[in-house]
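Fold and contact review
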Amino acid sequence: MSHPYKDLPDYAFWRRSVVECNEVNPAVSPSFSLRPHEKVATAGSCFAQHIARHLKKRGFSYYIAEPAHPIMSEDVARTFNYGTFSCRYGNVYTSLQLKQLIERVYGEFVPHESAWQLETGLWVDPFRPQIQPRGFISVDELERDRSQHFASVRHMLSSMDVFIFTLGLTECWVSRSDGSVFPICPGVSGGKFDHEAYRFQNLTVREIVTDMSWVIDRLRAIRPGLKILLTVSPVPLMATAAGGRHVLSATTYSKSVLRVAAEELCEAQDMVDYFPSYEIITGPNARGSYFASDLRSVTENGVDHVMRAFIRSYTDQKADAEMVNVSTQREDDHVEKMEAIIQTNCDEQALDPLVLRTL
Amino acid sequence: MKRFLFIGHSHVRAIEAAAARSPRWADAHFLDLNRDEFKPAARIIDGRIVLNRALSDAIDRIVKGEECFFALAVGGAMHNVLGLVHHPVKFQFMNPWKQVDPVPEVPMLPFEAVRGVLEESLSYQLLVLRALARHVDGPLVQLQSPPPVPSKEALLATPGVYGQAIRQFGVLDEKSRFAWWRIQSDAFEAAAEEEGMGFLPAPSQCVDPEGFLIKEAWRDPTHGNVWYGEQVLSQVYGEAENVPSL
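Residues numbered from 1 in each chain as written. Chains lettered and ligands numbered in written order. Predicted model: local features only at pLDDT ≥ 70, side-chain atom pairs only at ≥ 80, totals over all residues. Heavy atoms only, no water.

**Section: the sheet that holds strand S9 (residues 272–274) of chain A**
Residue and element names in this part refer to chain A. On the basis of which strands lie adjacent, the open sheet formed by four strands has the order S1-S4-S8-S9 and parallel pairing. Only two strands of the sheet have a single partner each, and these edge strands are strand S1 (40–44) and S9. Each adjacent strand pair in this sheet contributes to an overall mean axis angle of 20°, direction not counted. Direction of pairing for strand S8 (residues 227–232) relative to S9: parallel, over a ladder of three bridges. Of the residues in S9, the one forming a bridge with Ile228 is Val272. Helix H6 (residues 205–222) contacts strand S4 (162–167), S8 and S9 of the sheet and is inclined by roughly 155° relative to S8. (Pairing = 2+ DSSP bridges. Helix = DSSP H or I, 4+ residues; strand = E, 2+ residues; numbered from the N terminus. Axes fitted to C-alpha atoms, helices over the stretch in contact; angles between N-to-C directions. Contact = heavy atoms within 4.5 Å.)

Next up, the structure:
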């Protein structure tokens with residue numbers, strides 16, 4: 001008896017590829033592969049940070065276009081969000097935010113709001129409010145840092161080979177005056193909330209597809225042949241402002257919209273793939289084990305599974321290949337050298353402390 | 001009877017040298033934290049800050065249960081390790097105290113990142129400060145390290161290996177050097193306040209209107225000279241007069 005299911009591959013069947021499978025890998029039809037020398041840039045929500053970290057560990061050319069200065073230790077660099085993503089844009093939660101970021105770095109959109117002052121007197125960037133602890137010491141410093149950051153983003157866009165974007169949220173807050181979208185609701189990490197100034201928006205599939213289509217076309221115009229990988233963050237919403245809705249329902253809705261949008265984009269565009277990290281983490285196969293005790297954070301085991309699937313599907317590497325030992329200590333010979341010289345000078349003081357040396 | 005105990009790294013030596021010149025300061029005692037037996041001066045053991053045993057014994061031997069005024073000159077050179085000369089990978093930063101003209105094509109680091117770098121580098125010295133604060137029993141101050149020397153020419157003329165390094169890398173502009181020093185000073189002042197101890201700024205007669213060290217006090221790029229040490233002694237003794245029990 002013949003029917004369409006008869007000759008389907010194993011991955012089309014739940015029992016064979018989910019229930020009875022050792023390790024689920026839904027990424028079955030990659031349209032491109034990654035080569036080790038290709039510059040891989042990342043942006044997106046918190047989950048994208050995991051991908052960035054693991055790419056580095058696995059020896060890929062994780063592209064950091066806005067690196068930390070060598071005088072910074074790994075800890076300081078991390079605190080100031082150097083290397084969290086390919087540039088210091090912070091979390092880019094929505095398609096609208098990504099679109100506006102690209103417009104802003106090319107001077108095509110200049111939001112009305114440029115800086116928010118904190119109670120401490122320091123300043124934060126409304127579009128990167130958590131990029132560094134305490135903020136900037138002046139508007140001048142903030143704007144110079146932003147200008148430098150934009151130059152890094154432009155450089156990244158024009159030289160990356162692969163762009164991985166993690167769609168995180170549909171809910172966002174938008175300025176009524178110019179439509180600029182904020183990564184975090186004004187008033188939470190700077191700024192002052194005002195219903196007259198800001199409105200809530202829950203992006204629809206249509207809006208996301210429209211914005212992301214613009215983004216993809218723009219990225220390809222800057223960098224023809226760019227490979228794009230979309231993922232949906234499995235991290236549930238911290239809170240929902242979609243009134244009258246439980247956060248669990250709001251999360252399901254949001255992730256569903258993002259998932260459908262990602263699917264439509266991949267169907268419509270060449271060399272744009274959806275990578276199923278969402279399914280790996282949240283699917284019944286994981287039995288909830290890839291969420292930490294807060295039922296939001298993804299465990300390291302979960303991220304490892306995602307990355308093994310990624311490696312198997314998109315590279316020639318073996319999934320269990322040895323990780324690259326990424327040094328956690330930044331080396332700065334200059335500081336060590338100066339420390340030794342100055343210590344010697346300090347020690348020499350003991351030899352003739354009574355001598356009045358004049359410079 | 002009162003006595004004074006100065007405990008610190010290299011900055012304490014100018015004070016000690018000044019004290020040796022006059023019987024006026026005969027009751028001043030000194031402990032140099034660079035002595036091998038005092039290293040490391042403090043550690044964290046099982047979550048507790050623990051002072052070096054040899055150091056605590058040395059302190060107790062000097063104090064002998066008498067009333068004593070303690071003045072610390074812990075650390076104080078890290079601002080020059082990081083910010084006296086240009087890093088081979090040049091960068092610039094703005095600061096809240098002095099307007100610095102932007103240098104084209106040189107990357108800017110956020111001020112708070114520069115502060116983060118220096119404060120991280122001071123973690124051991126701040127630990128020592130806290131350990132001493134928790135050990136000594138008596139009025140206690142941390143002395144601000146000498147402000148920077150403003151003159152680029154003077155710094156370039158520094159003799160020896162130090163001078164070679166300065167000429168090799170080039171002197172940072174004085175406003176940025178001031179900022180590095182001020183970040184360090186603020187970090188020590190904040191730690192002193194947390195520990196309930198005083199913080200004595202550099203003697204005002206040693207500081208010019210812009211906040212730099214006056215020429216009379218210069219010794220080398222990092223330290224004050226013996227005259228500066230005398231000014232600090234006068235300042236500390238004057239401060240002790242405000243303490244009722246001494």
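Now, onward.
**A word on the interface of chain B and chain A**
Contact with chain B, which involves 51 residues of that partner, is made by 44 residues of chain A. Where chain B abuts chain A, roughly 4,200 Å² becomes buried across the two surfaces, and 65% of that area is made up of carbon and sulfur atoms. Looking at the side of chain B facing chain A, the largest losses of area belong to Met108(B), Glu112(B) and Arg219(B), adding up to 19% of the total buried there. Summed over the shared surface of chain B and chain A, the number is two salt bridges. Here Glu119(B) and Arg134(A) are joined by a salt bridge, their closest N and O atoms 3.7 Å apart. Viewed at the interface, chain A and chain B are joined by six residue pairs in polar contact (both at pLDDT 80 or more). Elements with a contribution of two residues or more to the side of chain B that touches chain A: helix H1 (11–19), helix H3 (78–83), helix H4 (111–121) and helix H7 (160–169) of chain B. (Buried area = accessible area lost by both parts, 1.4 Å probe. Salt bridge = Lys/Arg side-chain N within 4 Å of Asp/Glu carboxyl O. Polar contact = N/O pair within 3.5 Å; in protein donor to acceptor, adjacent residues only side chain to side chain.)

**Looking at the packing of aromatic side chains**
All names here are of chain A. One pass over the full model with this rule turns up 21 aromatic pairs over all chains. Measuring from ring centre to ring centre gives 5.4 Å for Phe32 and Tyr314, while their planes differ by 55°; the resulting arrangement is tilted. Remark: Tyr314 occurs in helix H9 (residues 300–314) and Phe32 occurs in the loop between helix H1 (14–19) and S1; sequence separation between them is 282 residues. Neither residue differs from the other here; Phe32 and Tyr314 are each classed as buried. (Phe/Tyr/Trp six-rings, centres within 6.5 Å; stacked < 30°, edge-to-face > 60°. Buried < 20%, exposed > 50% of the residue type's maximum accessible area, 1.4 Å probe, protein only.)

**Side note on helix H5 (residues 123–135) of chain B**
Relative to the 18 Å expected for 13 residues at 1.5 Å per residue, H5(B) spans 18 Å between its end C-alpha atoms, a close match to the ideal helical length. Residues of H5(B) that are buried: Gln125(B), Leu126(B), Leu127(B), Val128(B), Leu129(B), Arg130(B), Ala131(B), Leu132(B) and Ala133(B). (Expected span 1.5 Å × (residues − 1).)

**Some details on the side chain of Gln132(A)**
Note that Gln132(A) resides in the loop between strand S3 (123–124) and helix H5 (139–159). Only 3.0 Å separates the side chain of Gln132(A) from the side chain of Arg88(A), close enough to count as a polar contact. One polar contact links the side chain of Gln132(A) to the main-chain carbonyl oxygen of Gly135(A), over a distance of 2.8 Å. Contact partners of Gln132(A), with chain neighbours within four places excluded, come to Phe80(A), Arg88(A), Pro110(B) and Glu112(B).

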